[in-house]
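The primary structure of each chain is shown beneath.
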Amino acid sequence: MAKSNDTGAKKAGSFFFQYAIYFVLVILILGIAAIDPSFLSINSFRDILLQSSTRAIIALGAAFVLITGGVDLSAGRMVGFAAVLSASMLQIQEYSHRFYPGLPNLPLWVPVLIAIFAGLLVGLINGLIVSRFSVPPFIATLGSMVAVYGLNSLYFDMKPNQSQPIGGLRPDFTTDLGSGYIGTGIYSIPYIVIIALVVAFIVWVIFNKTRLGKSMYAIGGNIQAAVVSGINVKQVLLYVYAIAGALYGLAGVMEAARTGGATNNYGNMYELDAIAACVVGGVSTAGGIGTVPGVLVGVLIFGVINYGLTYIGVSPYWQLIIKGLIIITAVAFDIRKYLTKK
């Protein structure tokens, strides 16, 4: 009988340990709601989803790199570059301080694709540096982070703009795409949330149903074994960094549309939030482990912290402390799991 109880306790402990991230999210929501019950409203959850959508796309891009055992510090600056690029080409004709005074109204998809391609190109360069020249991902992406910020600042400082915040964006970009909804009333869903969900589904398919996904996990789990099994590690890393860059570019476009403007400082420190969300969501810092649902829950946890604690009047400085403690705890659990497996 005692043995049966021990087995049940172990199963319960294993279940809690496996799904701890979901319990944390529920506890956070209930804790904030206990202080202010009005937090439990459709509008609150819609706002959290809206604010978390671009962060989710960035985190999904970061997850590609983390699963292979790397890290991408250039994500935030790529987001800023894409935001400035897309916004600079999507201003209304009547705006007095246009970035390109003589530019005609381009179809919406043209600047969007240009910005995504810019992110993909930077990601491709990161992949080349990491895979072809064997530069550690931390160093390679640190260098590109600085270089992209410099490039973005030069572009942002071009005449006639000269470092002025980019505003006067077209309504089809901000109102329709950035703050538009499908449906009516409480059943309405923001377009940005739908885009994030579509991206998440595509990433889930890549992770779980494609050769690239299996190769990523193999490389992150044991790169020597991956080489022996015939995986083209250099090619896979090239694809991974390029896809991550494209996702950062898309997130930059969505952020510019959501906020209705852009500056060269957009995206600052977003890479740390993305990495933190991934780690809290169960993506291993050692590589080889991570799921799309876990990443999304990690993003939602930080979304609830940012929105919920502000909602109940908690100081932003306390929010930073809470986020830091959550990150440290998540990494400690991750390392503990990794050492136990070894």
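Throughout what follows, the structure given in this document is the object of discussion. (Residues numbered from 1 in each chain as written. Predicted model: local features only at pLDDT ≥ 70, side-chain atom pairs only at ≥ 80, totals over all residues. Heavy atoms only, no water.)

So, the overall build of the protein
Then step 1. Each helix and strand in the protein was counted, giving 14 helices and two strands.
Then step 2. Radius of gyration (C-alpha) of the protein: 21 Å, near the 20 Å computed for a compact globule of 342 residues.
Then step 3. In terms of overall dimensions, the protein has C-alpha extents of about 80 × 55 × 35 Å along its principal axes.
Then step 4. Split into buried and exposed, the 342 residues of the protein put 47% on the buried side.
Then step 5. Looking at the protein alone, contacts between residues at least 24 apart form 77% of all its contacts between residues at least 6 apart.
Then step 6. Of the roughly 16,700 Å² of accessible surface on the protein, a fraction of 69% belongs to carbon and sulfur atoms.
Then step 7. Put simply, the protein has 20 plus and 12 minus side-chain charges, and the middle of one group is 15 Å from the middle of the other. (Helix = DSSP H or I, 4+ residues; strand = E, 2+ residues; numbered from the N terminus. Rg over C-alpha atoms; globule rule 2.2 N^0.38 Å. Buried < 20%, exposed > 50% of the residue type's maximum accessible area, 1.4 Å probe, protein only. Contact = heavy atoms within 4.5 Å. Areas by Shrake-Rupley, 256 points an atom, 1.4 Å probe, with all protein chains shown as cover. Lys, Arg positive; Asp, Glu negative; His and termini not counted. Charge placed at Lys NZ, Arg CZ, Asp CG, Glu CD.)

Re the packing of helix α9 (residues 211-221) against helix α11 (residues 233-259)
Then step 1. As a packed pair, α9 and α11 sit with axes 10 Å apart at the nearest point and diverge in direction by 105°. In this view, α9 runs roughly perpendicular relative to α11, as classed from their interaxial angle. Taking contact as the criterion, the partners of Leu212, Ser215, Met216 and Ile219 in α9 are, on α11, Val233, Val236, Tyr239, Val240 and Ile243.
Then step 2. Broken down by class, the residue content of the contact of α9 with α11 amounts to eight nonpolar, one polar and no charged. (Axes fitted to C-alpha atoms, helices over the stretch in contact; angles between N-to-C directions. Parallel < 35°, antiparallel > 145°, perpendicular 65-115°, else oblique. Nonpolar A, V, L, I, M, F, W, Y, C, P; charged D, E, K, R; others polar.)

With respect to the environment of Met78
Then step 1. With respect to the helices, strands and loops of the structure, Met78 is situated in helix α4 (residues 75-88).
Then step 2. Spatially, the C-alpha atoms of Met78 and Pro111 are 15 Å apart, while their sequence positions differ by 33 residues.
Then step 3. When residues no more than four places from it in sequence are discounted, the contact partners of Met78 are Asp72, Gly119, Val122, Gly123, Asn126, Val148, Gly245 and Tyr248.

Regarding unusual backbone geometry
Then step 1. At the junction of Lys159 and Pro160, the peptide bond is cis and its omega measures out at 5° in the coordinates.
Then step 2. With respect to the helices and strands, the residue Pro160 is situated in the loop between α6 (137-156) and α7 (171-178).
Then step 3. The phi dihedral of Gln162 falls on the positive side, at around 50°, and the residue is not glycine.
Then step 4. Following the sequence through the fold, Gln162 ends up in the loop between α6 and α7.
Then step 5. Unlike most non-glycine residues, Met269 shows phi in positive territory, near 70°.
Then step 6. With relative accessibility at 43%, the residue Met269 sits in the partly exposed group.

A closer look at helix α3 (residues 42-67)
Then step 1. Of all the bends in α3, the greatest measures close to 40° and is centred on Ser53.
Then step 2. The buried fraction of α3 is high, at 19 of 26 residues. (Bend = angle between axes of the 7 residues up to and from the residue.)

Considering a nonpolar patch on the surface
Then step 1. There is a patch of nonpolar side chains on the surface, built from Phe117, Leu120, Leu121, Leu124, Ile125 and Leu128 and spanning about 480 Å² of accessible area.
Then step 2. Mapped onto the secondary structure, Leu120 falls in helix α5 (residues 109-132).
Then step 3. Residue class for Leu120 comes out partly exposed when judged on its relative accessible area of 30%. (Patch = residues over 30% accessible without salt bridge, like charges linked within 9 Å, V, L, I, M, F, W, Y side chains within 5 Å. Salt bridge = Lys/Arg side-chain N within 4 Å of Asp/Glu carboxyl O.)

What about the pattern of salt bridges?
Then step 1. This structure, assessed with the given rule, holds four salt bridges.
Then step 2. Where Glu255 meets Arg258, a salt bridge forms, and the shortest distance between an N and an O atom there is 3.0 Å. Remark: Arg258 and Glu255 occur in helix α11; sequence separation between them is three residues, near one turn of the helix.
Then step 3. Linked through salt bridges whose partners overlap, the residues forming this network are Arg55, Asp273 and Lys323.

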